[in-house]
Amino acid sequence: VQLRRASNQASIVLGKELGRGGEGAVYPVVGAPNLVAKIYVKPPAPLKVEKLKSMVRHGDPGLRRVAAWPVDVLADETGVVRGFLMHRVDAREDAHELYNPRSRRRAFPQADFRFMARAASNLARAFAQVHALGHVIGDVNHGNALVGRDATVVLIDCDSFQIREAARTFFCDVGVPLFTPPELHGKSFRGLKRTSNHDEFGLAVLLFHLLYLGRHPFAGKHRDGELPIERAIAECRFAYGKGSEALGVTAPPATLPLGAFGPAIAELFERAFAGSGESRRTTAGEWVTALQALESGLVQCAVNERHQHPGNSACCWCELETRAGVPTFGVAPVLAEEDDAALALQLWKEIRKLPEPARNHPPPGVIALHEALEERRKLRKEWFDKLIPWAIAIGWILGAVSIPGFAIATFVLFWVFMAGLFLYLGVKIVQYFLEPKKDRSTPVLPRLNRWPAALARWKATADASRYFAAFAELHETSAKLSGFSRLRADRLAAATAPHEAAQLEKFLAGYPLSAEKFVDVTRADIAKLAAEGINHAGDVMRERNRLHHLLWLAAVRELLAWVDVCTVDFQFDSGSPQLLADLNAAEAVLEQERTQCLRALRDGPEQLRRIAGELDGERLAAERDLEAAHREEVGGQTTQRAHPEAQ
Amino acid sequence: MTTFEQVPFNNLEFADNPEPRCPCLLLLDTSGSMRGKKIDQLNAGLVMFAEQLRADSMAAKRVEVGVVTFGPVRVLQSFVTADRFRPPVLAASGGTPMGEAIVRATRLIAERKKSFRNNGIGFYRPWIFLISDGSPTDATAAAKKAVKQGEQRSSFIFHAVAVENADIDLLASIAVRPPLRLRELSFEKLFVWLSDSLSSVSRSQVSDTPELADPAGPEGWAEVVQ
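Owing to the predicted nature of the structure, the values given are computational and were not obtained by experimental measurement. (Residues numbered from 1 in each chain as written. Chains lettered and ligands numbered in written order. Predicted model: local features only at pLDDT ≥ 70, side-chain atom pairs only at ≥ 80, totals over all residues. Heavy atoms only, no water.)

## Things to note about the packing of helix α16 (residues 465-482) of chain A against helix α22 (residues 577-633) of chain A
Residue and element names in this part refer to chain A.
1) Next: Interhelical geometry of α16 versus α22 gives an angle of 165° and a closest axis separation of 9 Å. When the interaxial angle is binned, α16 and α22 end up roughly antiparallel. Remark: the crossing between α16 and α22 carries left-handed chirality.
2) Next: The residue inventory of the contact of α16 with α22, partitioned by class, reads 13 nonpolar, four polar and six charged. (Axes fitted to C-alpha atoms, helices over the stretch in contact; angles between N-to-C directions. Helix = DSSP H or I, 4+ residues; strand = E, 2+ residues; numbered from the N terminus. Parallel < 35°, antiparallel > 145°, perpendicular 65-115°, else oblique. Left-handed = near helix turned anticlockwise from the far one by under 90°. Nonpolar A, V, L, I, M, F, W, Y, C, P; charged D, E, K, R; others polar.)

Put into structure tokens, the structure is as follows:
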């Protein structure tokens, strides 16, 4: 589709798709690195087009800084609006990547609570900016605010905002219930007039997520069991509030109390979540002031330098970490095994992205010719092969008939057959000499010496099996790396097992066999065991599979039960120098294998590319070789190449 | 803090990632009849499933995967969020104790929901996804009852997928929803569909039902059984 900007009819060219949502996709604009285009799947309805045009007209520079605001409308050749242009928003993550503690460690590894407080106040600033111009965000959710490395916030999906233009209002038809105020639950958003007071509920939910480690303010523990978050919102049951006990909900375990950041912040949240919007909720502007105050009052914890907490109280992060063991802002140790698996997956993805070499190349023309020759050779052999069983069968019949005394009959039959045979051969011989020579020379086939080997070489390159074998090997390597923690555990267990067995046997050697300890094991039994070199519990343990040959079943059982009892006090010494040496050796081997896996996977793409290149070269060489063999061994009349790729 | 509330062990996981959960329990037949190409394809499908879920940053935090195989019945993977799910490599052997496996699955779901409630974690209706190519070698009366009850009370959604010669009538009698027949071992397509569906569920709201792609459509992996 040829797209043009509505403002100046300049045509634009889209680049490769950047992302896709339910409504449409976003593309870069060739030659305009600071712009992107959102193109709808279906051309938007007339009302939506008017809304977009109105937004373009009323784009305010302040708004454009905090929101991916439409800057121009895009239409196709027929004038139908297909999408719009906006400023590019780069190097940012969805707000949920910041507020969720686990993804924060990955997406914002350096972020401490000061950063969170700044991102929170910037979010409030962005809301305030939109509200100041009379617009409403409407569809507030975890995905429509993007946070940058500098904690600045940009609002996206602006085309869904509720837009006010003079006396006219363009509505927002969507909403996400987890961020929707109680009074709007159960209502249809289509044509519903939203207010900034509604937005302020969603803003407070987002701010709560940012400040209280990703928790939803209405996800609590309910007295009677299940309480979906939407219902809790509709019923105004704020899980962290003063009145929550009376409402039958409590905050979940291992969470921060509402007052962790002081009474002022707590009070603002109480007000934002209090009721169904009769009383005014905390406005974006009020949040900006309060969050600025919170940030400026933060001090560094005396114990953990990564903890930033309000200065007028003890460190809430230390408190939470020691009380509940929840890692907050310290760098959580990232498990090596998780790294391996993630790395393996990532490297394997790179490998899978490579284009596969073409396989099953069409054979050059000379192969078809040789296949025909081969066919003729086969036919001739088959014809000859068919004769053999017939000859044998007749021989057998004659033989069988001749045994029991049908001498005369046999004699006659035999000579009749022989006469026939001679007659036939005679005719054939006469024919052979009488017929012209050229007829006999046609079935003579050339002897092929070089050809079969050349053909095998061509086939080996044409199906690219070498490439796919290397690919399969890389797949195995990535599987090995992603399961490396299991492999490590198995290897270390295997290295430990003989030490444990040896220590156990040594320990059990301290329990000598004597008849007083047993009922079913007699003195004679013990003598018999001693003769076999079994003198103590350790020997019994080692030789347990042989006991059945020496003693009665009851005695064997009693002996083994006794060994079990002796074992109870055994304590494995995991610090023995020999064991540690073995473990170190096993670790060293493992580390070597791990490095090999990593190297193989890192080099994988290059290796595959190289093989693909080699295969192409070899195939062409093999084709030339085939043709040469053909010329040499069959003759040069039909050596035209059959497929263009080989040229 | 003056409260001395007890802190259950598993809440670390919920503190680290308090997003609402969308649990999906894979109930996989690994009986001897799955040997060969089928189990290989299933394994490849699982790898794809893990990759796809992880590619969606929201689904990776919200979708929880559990794996129970039969037979014998084993919990190969208790529920983990998709960002931590490592596809197991399955091997086929043994009988088909499907009845026991289903009962175990419903119990796991019930336990998981209990720990969500205790930890104040929102959740979507859990999915149980049964894949089998045989007929059960044990009694299924208890399983039928458990599935019927669970579906009636909206405790979970139970999907059954029949591979090749599975006893489809029996699957139909267990599942409340009509079972689907896998088209020519297209396990990869199945798991791509499953991860897409779970992704869109996890983006939807806790109590609404999003529209999912039709698995029996022309591009789908399934055939509807009449």
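## As for the sheet that holds strand β9 (residues 145-148) of chain A
All names here are of chain A.
1) Next: Strand order in this open sheet of three strands is β8-β9-β10, and the pairing throughout is antiparallel. The sheet terminates laterally at β8 (92-94) and β10 (153-155), the two strands that pair on one side only. With strand direction ignored, the average angle separating the axes of adjacent strands in the sheet is 35°.
2) Next: As defined by bridge partners, β8 adjoins β9 across three bridges and the pair is classed as antiparallel. Bridge pairing in β9 places Asp94 opposite Leu146. (Pairing = 2+ DSSP bridges.)

## Structural notes on the pairing of strand β5 (residues 32-40) of chain A
Residues and elements named next belong to chain A.
1) Next: Within β5, seven of the nine residues are buried, which leaves the element mostly enclosed by the surrounding structure.
2) Next: Across six bridges, the pairing between strand β4 (residues 24-29) and β5 is antiparallel. Bridge pairing links Tyr27 to Ala37 in β5.
3) Next: Between the end of β4 and the start of β5, which pair antiparallel, lie two residues, with Gly31 showing a positive phi angle near 85°.
4) Next: Looking at chain direction, β5 and strand β7 (residues 81-87) are connected through five bridges and run antiparallel. Paired with Ile39 across the bridge in β7 is Gly83. (Buried < 20%, exposed > 50% of the residue type's maximum accessible area, 1.4 Å probe, protein only.)

## Some details on the nonpolar core
A general tendency of soluble globular proteins is for nonpolar side chains to be buried together.
1) Next: If you look at the biggest cluster of nonpolar residues, it comprises 85 residues, and the most contacted ones within it are Leu123, Leu155, Leu211, Phe261, Phe269 and Phe273 of chain A.
2) Next: When residues of this core are assigned to their parent elements, the largest contribution, eleven residues, is made by helix α5 (residues 113-132) of chain A.
3) Next: Core analysis: the next-biggest nonpolar cluster, separate from the first, contains 39 residues, Tyr124, Ile131, Leu182 and Val201 of chain B among them. (Core = buried A, V, L, I, M, F, W, Y, C linked by side-chain atoms within 4.5 Å.)

## Topic: the pairing of strand β5 (residues 157-162) of chain B
All names here are of chain B.
1) Next: Most of β5 is tucked away: six of the six residues are buried.
2) Next: Of the two faces of β5, the one carrying Ile157, His159 and Val161 and the one carrying Phe158, Ala160 and Ala162 are both buried.
3) Next: In the sheet, strand β4 (residues 127-132) pairs with β5 via six bridges, with the strands oriented parallel. Within the sheet, the bridge partner assigned to Ile128 lies in β5 and is Phe158.
4) Next: On the question of chirality, the crossover connecting β4 to the parallel β5 by way of helix α5 (residues 141-152) is right-handed.
5) Next: Direction of pairing for β5 relative to strand β6 (residues 180-182): parallel, over a ladder of two bridges. Paired with Val161 across the strands is Leu180, a residue of β6.
6) Next: What joins β5 to β6 is helix α6 (residues 168-174), and the crossover it makes is right-handed. (Right-handed = clockwise from strand over helix to strand, strands pointing away.)

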